[in-house]
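One-letter residues, chain by chain:
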Amino acid sequence: MADATLVAGAAQLGIELEERQAAQLVRLLDELDDWNQRMNLTAIRERGAQITKHLLDSLSVQRFLQGERVLDVGTGPGFPGLPLAIVNPTRQFTLLDSTAKKLKFIDHVVGLLELPNVQTVHTRAENFRPAQRFDIVVSRAVGPVEQFVKWAGHLCVGGGRLLAMKGRHPAAELEKLPSGWKLAAVHRLNVPALDEERHLVEICRSHERL
Ligand code: SAM
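Residues numbered from 1 in each chain as written. Predicted model: local features only at pLDDT ≥ 70, side-chain atom pairs only at ≥ 80, totals over all residues.

Visitor: I'm lost on the UniProt feature "binding site: S-adenosyl-L-methionine" (unreviewed entry) in the protein chain in this one. Help?
Guide: In the numbering used here, UniProt assigns the "binding site: S-adenosyl-L-methionine" (unreviewed entry) feature to Gly 74, Phe 79, Asp 97, Ser 98, Thr 99, Ala 125, Glu 126 and Arg 140. Within the secondary structure layout, Gly 74 lies in the loop between strand S1 (69–73) and helix H4 (81–87). Discounting chain neighbours no more than four positions away, the residues touching Gly 74 are Asp 97, Ser 139 and Val 142. Following the sequence through the fold, Ala 125 ends up in the loop between strand S3 (118–122) and strand S4 (134–140). Those residues in contact with Ala 125, other than ones at most four positions away along the chain, are Val 73, Leu 96, Trp 151, Ala 152 and Leu 155. (UniProt positions renumbered as here; feature names shortened; annotations may be inferred. Helix = DSSP H or I, 4+ residues; strand = E, 2+ residues; numbered from the N terminus. Contact = placed C-beta atoms within 7 Å.)

Below is the structure:
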């Protein structure tokens, strides 16, 4: 059954969850719990915390998505990529990680929940050379912003955005971005039911007008 915190929290983020989507999100957590008994996929084991820190936190970037193609770099067990793919069935999501076992979990969930808009890629971001680049490249908890831009900048289309999900405002990380890139904005994110700071760093190519 869908959790009330999840449905209300998503609504606060501007997402009216369909019944099927809410059930898919809850099933994702059930599978995470199950696999977590055999392999260490997440340290967040309490259901309330999983809803806020995995599901709602992932969905909090929904309003910053643009275009059709989204890449999640260092997705781990699928955050933020899987929750976003569930609520955006018309966008294509590529979930990339350098650790194969985490992608095995994602592939299992993708089959179980029937998510045709998700594909996984096992490689390091800096080695990835896709046939087509991405409108949005997002990452959560994958090192300093500068490093993220160095590793993943080449994966973003002109006019696209790199989005780094952060806790506290990462002022020090923003002091020197790699050349060719500039800060578009730092957004304060309000994750429903979560009493912690969250920020989203939005980066674009430096020749773009903001
Ligand atoms: N994004 C997920 C989350 O927030 O739950 C996982 C975060 S986990 C702390 C960092 C992940 O980034 C790991 O799964 C690791 O394998 C992956 N990673 C680190 N460096 C990477 C790189 N250069 N290319 C691809 N994946 C990388």
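Visitor: Just to check I follow, could you spell out the packing of helix H1 (residues 4–12) against helix H3 (residues 47–59) for this structure?
Guide: A pair of packed helices can be characterised by two numbers: the angle between their axes and the separation between those axes. Where H1 contacts H3, the two axes come as close as 10 Å, and the packing angle between them is 25°. Between H1 and H3, the angle is such that the two are roughly parallel. Where H1 crosses over H3, the handedness of that crossing is right-handed. When H1 is examined against H3, the residues Thr 5, Leu 6, Gly 9 and Ala 10 are found in contact with a partner set consisting of Gly 48, Ile 51, Leu 55, Leu 56 and Leu 59. Of the residues assigned to the contact of H1 with H3, the class counts are six nonpolar, three polar and no charged. (Axes fitted to C-alpha atoms, helices over the stretch in contact; angles between N-to-C directions. Parallel < 35°, antiparallel > 145°, perpendicular 65-115°, else oblique. Left-handed = near helix turned anticlockwise from the far one by under 90°. Nonpolar A, V, L, I, M, F, W, Y, C, P; charged D, E, K, R; others polar.)

Visitor: It is not clear to me how H1 should be interpreted in this structure. Could you clarify?
Guide: Residues separated by three or four positions in an α-helix point in the same direction, a consequence of the helix having 3.6 residues per turn. The set of residues buried in H1 consists of Leu 6, Gly 9 and Ala 10. Looking down the long axis of H1, one finds its buried residues gathered within 100° of arc, a one-sided arrangement. Summarising the geometry of H1, the exposed residues directed more than 90 degrees from the buried face are Ala 4 and Ala 11. (Buried ≥ 20, exposed ≤ 12 C-beta atoms within 10 Å, placed from the backbone. Arc of directions from axis to C-beta.)

Visitor: Sorry, what's going on with the sheet that holds S4 here?
Guide: Paired through their backbone hydrogen bonds, the strands of a sheet run either parallel or antiparallel. Read across the sheet, seven strands follow the order S3-S2-S1-S4-S5-S7-S6 without closing on themselves; strand pairing throughout is mixed. Two strands in the sheet have a free side with no partner beyond their single neighbour: S3 and strand S6 (181–189). For this sheet the average axis-to-axis angle between neighbouring strands, irrespective of direction, equals 20°. As judged from the three bridges shared by S1 and S4, these two strands associate in the parallel manner. (Pairing = 2+ DSSP bridges.)

Visitor: What's the story with the nonpolar core in this structure? I'm lost.
Guide: For soluble globular proteins, nonpolar side chains are generally found buried alongside one another. Core analysis: the biggest nonpolar cluster contains 51 residues, and Val 137, Phe 148, Ala 152 and Leu 162 have the highest contact counts within it. Those residues in contact with Phe 148 that sit more than four places away from it in its chain are Ser 139, Val 142, Gly 143, Leu 162 and Ala 164. (Core = buried A, V, L, I, M, F, W, Y, C linked by C-beta atoms within 7 Å.)

Visitor: In this structure, what is going on with unusual backbone geometry? I would like to understand it.
Guide: Working note: non-glycine residues mostly have negative phi, and peptide bonds are mostly trans. Across the junction of Phe 79 and Pro 80, the peptide omega takes the value 10°, indicating a cis bond. In this structure, Pro 80 sits in the loop between S1 and H4. Even without being a glycine, Glu 114 presents a positive backbone phi close to 55°. Here Glu 114 shows up in the loop between helix H5 (100–113) and S3. A positive phi angle, near 60°, is found at Ala 141, a position not held by glycine. Structurally, Ala 141 can be placed in the loop between S4 and helix H6 (145–152). Classification of Ala 141 by C-beta neighbours within 10 Å gives exposed; the count is 11.

Visitor: What's the story with the environment of Asn 127 in this structure? I'm lost.
Guide: Within the fold, Asn 127 resides in the loop between S3 and S4. Sequence-wise, Asn 127 and Gly 153 are 26 residues apart; in three dimensions their C-alpha atoms are separated by 12 Å.

Visitor: Just checking my understanding: could you explain the confidence of the model for the protein chain for this structure?
Guide: Here the protein chain shows a mean pLDDT of 96. Residues at 70 or above account for 99%. In the predicted assembly, ipTM is 0.99 and pTM is 0.97. (pLDDT = per-residue confidence, 0-100.)

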